[in-house]
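Now for the letters of each chain:
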Amino acid sequence: MPEKSKDIILDYLLRRGIAIATNMQVVKSLEKNDNTILGGVVYFTDGIWIWPNYLSYYLRNFDIEISLAFKKFIMEQNIRNDLIDTNEAIAFLKKSKIF
């Protein structure tokens, strides 16, 4: 996966979801001979998709495949968010003396 796409997807997984379920189960790495504890289990949603908190770990460290439909959805959301730069919008509103 191209690095830019991977960064966009990681950002989405880490910052766009809302936690909907959690438990005290400890998740350990699935890699052979690796006892790394990844943390507890938390499931996130964006209202359409649901993913576990450890998905970003495997994407970042092992470049796992994710569903093409999920990847496409995330990239479409990124395009929509790029249409308006937050800082430019704030500067515009301040100039227009709305605030």
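Note that the coordinates shown come from a computational prediction; the quantities given were computed from them, not determined experimentally. (Residues numbered from 1 in each chain as written. Predicted model: local features only at pLDDT ≥ 70, side-chain atom pairs only at ≥ 80, totals over all residues. Heavy atoms only, no water.)

**Q** Account for the sheet that holds strand 3 (residues 50-52), naming residues and giving values.
**A** Here we have three strands laid out as an open sheet, ordered 1-2-3, and antiparallel in their pairing. Two strands bound the open sheet, and with one partner strand each, they are strand 1 (18-28) and strand 3. Mean inter-strand twist for the sheet, computed between neighbouring axes without regard to direction, equals 15°. Here strand 1 pairs with strand 2 (residues 37-45) via eight bridges, running antiparallel. (Pairing = 2+ DSSP bridges. Helix = DSSP H or I, 4+ residues; strand = E, 2+ residues; numbered from the N terminus. Axes fitted to C-alpha atoms, helices over the stretch in contact; angles between N-to-C directions.)

**Q** Can you break down the pattern of salt bridges residue by residue, with the values?
**A** Evaluation of the coordinates by the stated rule reveals three salt bridges. Salt-bridge contacts for Lys 6 lead to Asp 63; the nearest nitrogen and oxygen are separated by 3.8 Å. With Lys 6 in helix 1 (residues 3-15) and Asp 63 in the loop between helix 2 (55-62) and helix 3 (68-82), this pair connects stretches of sequence that are 57 residues apart. For Lys 6, a relative accessible area of 11% corresponds to the buried category. Residue Arg 15 is joined to Asp 11 by a salt bridge in which the shortest nitrogen-to-oxygen separation is 3.4 Å. (Salt bridge = Lys/Arg side-chain N within 4 Å of Asp/Glu carboxyl O. Buried < 20%, exposed > 50% of the residue type's maximum accessible area, 1.4 Å probe, protein only.)

**Q** An account of the packing of helix 1 against helix 2 is requested, with residue identities and associated values reported.
**A** In a pair of packed helices, the angle between the axes and the distance between the axes together describe the arrangement. Packing of helix 1 against helix 2 leaves a shortest axis separation of 9 Å and a crossing angle of 160°. By the angle between their axes, helix 1 is roughly antiparallel relative to helix 2. Relative to helix 2, the crossing made by helix 1 is left-handed. Packed against helix 1, whose contacting residues are Lys 6, Ile 9, Leu 10, Leu 13 and Leu 14, the element helix 2 presents Leu 55, Ser 56, Leu 59 and Arg 60 at the interface. (Parallel < 35°, antiparallel > 145°, perpendicular 65-115°, else oblique. Left-handed = near helix turned anticlockwise from the far one by under 90°. Contact = heavy atoms within 4.5 Å.)

**Q** Please set out a nonpolar patch on the surface residue by residue, giving values where relevant.
**A** A cluster of nonpolar side chains, namely Ile 18, Ile 20, Tyr 43 and Ile 50, defines an oily patch on the protein surface of about 400 Å² accessible area. Considering the arrangement of structural elements, one finds Ile 20 in strand 1. (Patch = residues over 30% accessible without salt bridge, like charges linked within 9 Å, V, L, I, M, F, W, Y side chains within 5 Å. Areas by Shrake-Rupley, 256 points an atom, 1.4 Å probe, with all protein chains shown as cover.)

**Q** So what's going on with the packing of aromatic side chains? Residues and values would help.
**A** This structure, assessed with the given rule, holds eight aromatic pairs. Centre to centre, the rings of Trp 49 and Phe 70 are 4.7 Å apart; their planes meet at 35°, and the pair counts as tilted. Here Trp 49, found in the loop between strand 2 and strand 3, pairs with Phe 70, found in helix 3; they are 21 residues apart in sequence, far enough to count as distant. Trp 49 sits in the partly exposed class, given a relative accessible area of 26%. Assessed through its relative accessible area of 5%, Phe 70 is described here as buried. For the pair Tyr 57 and Phe 62, a centre-to-centre distance of 6.0 Å together with 70° between the ring planes defines the contact as edge-to-face. Tyr 57 gets classed as buried once you look at its relative accessible area, which sits at 18%. Take Phe 62: its relative accessible area is 33%, and that puts it in the partly exposed class. In this structure an aromatic cluster arises from ring pairing among Tyr 12, Trp 49, Trp 51, Phe 70 and Phe 73. (Phe/Tyr/Trp six-rings, centres within 6.5 Å; stacked < 30°, edge-to-face > 60°.)

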